[in-house]
Amino acid sequence: DTGVSQDPRHKITKRGQNVTFRCDPISEHNRLYWYRQTLGQGPEFLTYFQNEAQLEKSRLLSDRFSAERPKGSFSTLEIQRTEQGDSAMYLCASNRLGSPTGGNYGYTFGSGTRLTVV
Amino acid sequence: GQQLNQSPQSMFIQEGEDVSMNCTSSSIFNTWLWYKQDPGEGPVLLIALYKAGELTSNGRLTAQFGITRKDSFLNISASIPSDVGIYFCAGQSQPGTASKLTFGTGTRLQVTL
């Protein structure tokens, strides 16, 4: 397994357009997380899934954002009617429930999708 | 959202010097983590700490879980140019399960020859 994979790596879009990002977690991991990171800040939690169930959503996740994990494997994050404030790096992470955070099944981040809204 | 306080924000050091950084929180965490992030990449885990008072090493890196469970420290000994990057602390409040992380604001490290 090559780790957590995110696609695309970069996305430039015009304000008002919809964008969708994909995350493929490590195959044995049943939990998948989305984080957002703006310039000069640490990542901030958006939402997470256990298998296909979305168990928690941050207040940062406005109604223009929607995330899915339909078969409990890959996940998509869609942003509708993008705004310039949505420009950020969107990070995906995965791990396995019950495993130590830093262990072999611990939290692993992808390389992120950098979104620029112009 | 909440971010943990990290200091210093940035530091310039010479190769071979030791580095110390810390992270504080207003709330208690049951797990503390330290990550390194290179430009354009996701964070990579360096050290995980699970118990108050715990001191853990990973090569030239040593981290401690504060007794109050509201802080953590990271030391890098004999820094080398590849140590350049942004270091983030992260706390996890739910013990024993894999839940969301709260990250610090980051310490940018630059190493000069």
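A brief look at the structure comes next. In this text the structure is predicted, and so the values were computed from the model without any measurement. (Residues numbered from 1 in each chain as written. Chains lettered and ligands numbered in written order. Predicted model: local features only at pLDDT ≥ 70, side-chain atom pairs only at ≥ 80, totals over all residues. Heavy atoms only, no water.)

Describing the side chain of glutamine 37 of chain B
What counts, and what does not: For the purposes of this entry, the term helix denotes a DSSP run of H or I that reaches at least four residues, the term strand denotes a run of E that reaches at least two, and both are numbered from the N terminus. Burial classes follow relative accessibility: with a 1.4 Å probe on protein chains only, a residue under 20% of its type's maximum area counts as buried, one over 50% as exposed, and anything between as partly exposed. Within 3.5 Å is the distance limit for a polar contact, defined as a pair of N or O atoms, with the added protein rule that one can donate a hydrogen and the other accept it, and that residues adjacent in sequence qualify only through two side-chain atoms. The criterion used for residue contact is that any of the two residues' heavy atoms lie within 4.5 Å.
Positionally, glutamine 37 of chain B belongs in strand β4 (residues 31-37). In this structure glutamine 37 of chain B comes out as buried when scored by relative accessible area, which is 7%. A polar contact of 2.7 Å, which involves the side chain of glutamine 37 of chain B, links it to the backbone oxygen of glutamate 41 of chain B. Beyond its immediate sequence surroundings of up to four residues, glutamine 37 of chain B is in contact with Gln37 and Leu91 of chain A together with Gly42, Pro43, Gly85, Ile86 and Phe88 of chain B.

A word on the interface of chain A and chain B
As a reminder of what qualifies: When two parts are brought into contact, each loses some accessible area as probed by a 1.4 Å sphere; the total of that loss over both is the buried area. What counts as a salt bridge is simple: a side-chain nitrogen of Lys or Arg found within 4 Å of a carboxyl oxygen of Asp or Glu. For this classification, Asp, Glu, Lys and Arg are treated as charged, while Ala, Val, Leu, Ile, Met, Phe, Trp, Tyr, Cys and Pro are nonpolar and the rest, including Gly, are polar.
Facing the 27 residues of chain A at the interface are 24 residues of chain B. Carbon and sulfur atoms supply 50% of the area that chain A and chain B bury against each other, a total of about 1900 Å² over both sides. Residue glutamate 41 of chain B pairs with arginine 9 of chain A through a salt bridge whose shortest N-O separation is 3.6 Å. Elements with a contribution of two residues or more to the side of chain A that touches chain B: β4 (31-37), β5 (44-50) and β9 (88-95) of chain A. No other element matches the four residues that β4 of chain A contributes to the side of chain A that touches chain B. For the side of chain A that touches chain B, a count of residues per class yields 11 nonpolar, 11 polar and five charged.

Quick look at the sheet that holds strand β1 (residues 5-7) of chain A
Residue and element names in this part refer to chain A. Stated precisely, the cut-off is as follows: By definition, two strands form a pair when at least two bridges between them are found by DSSP. All axes are obtained by fitting lines to C-alpha atoms, using only the stretch in contact for helices, and the reported angles, taken between N-to-C directions, cover 0 to 180 degrees.
Reading across the sheet, the four strands line up as β1-β3-β8-β7 and stay open at both edges, with antiparallel pairing between neighbours. Every other strand in the sheet has two partners, leaving β1 and β7 (65-68) as the edge strands with one partner each. For this sheet, the mean inter-axis angle between neighbouring strands, taken without regard to orientation, is 15°. Examined bridge by bridge, β7 and strand β8 (residues 75-79) share four bridges and lie antiparallel to one another. In the sheet register, phenylalanine 65 faces β8, and the bridge partner there is isoleucine 79.

Some details on the packing of aromatic side chains
Quick note on the threshold: Stacked, tilted and edge-to-face are the three classes assigned to paired rings of Phe, Tyr and Trp, where Trp is represented by its six-membered ring and a pair needs centres within 6.5 Å; plane angles under 30 degrees give stacked, over 60 edge-to-face, the rest tilted. Whether a charge lies above a ring is judged from NZ of Lys or CZ of Arg, which has to be within 6 Å of the ring centre and within 35 degrees of the ring normal.
Across all of its chains, the model carries 15 aromatic pairs over all chains by this definition. A centroid spacing of 5.4 Å and a plane angle of 40° characterise the contact between phenylalanine 21 of chain A and tyrosine 90 of chain A, whose relative ring orientation is tilted. Of this pair, phenylalanine 21 of chain A sits in strand β3 (residues 19-24) while tyrosine 90 of chain A sits in strand β9, and the two are 69 residues apart along the sequence. Of the two residues examined, phenylalanine 21 of chain A and tyrosine 90 of chain A, each falls in the buried class. Geometrically, the ring pair formed by tyrosine 35 of chain A and phenylalanine 103 of chain B is edge-to-face, given 5.9 Å between the ring centres and 85° between the ring planes. With tyrosine 35 of chain A in strand β4 and phenylalanine 103 of chain B in strand β10 (residues 102-103), the pair connects residues from two separate chains. Exposure remark for tyrosine 35 of chain A: the relative accessible area of 0% places this residue in the buried category. Of the aromatic side chains, those joined through ring pairs into one cluster are Tyr33, Tyr35, Phe45, Tyr48, Tyr107 and Phe109 of chain A together with Tyr35, Phe88 and Phe103 of chain B. Above the face of the phenylalanine 74 of chain A ring, arginine 22 of chain A is positioned so that its terminal group lies 3.9 Å from the ring centre.

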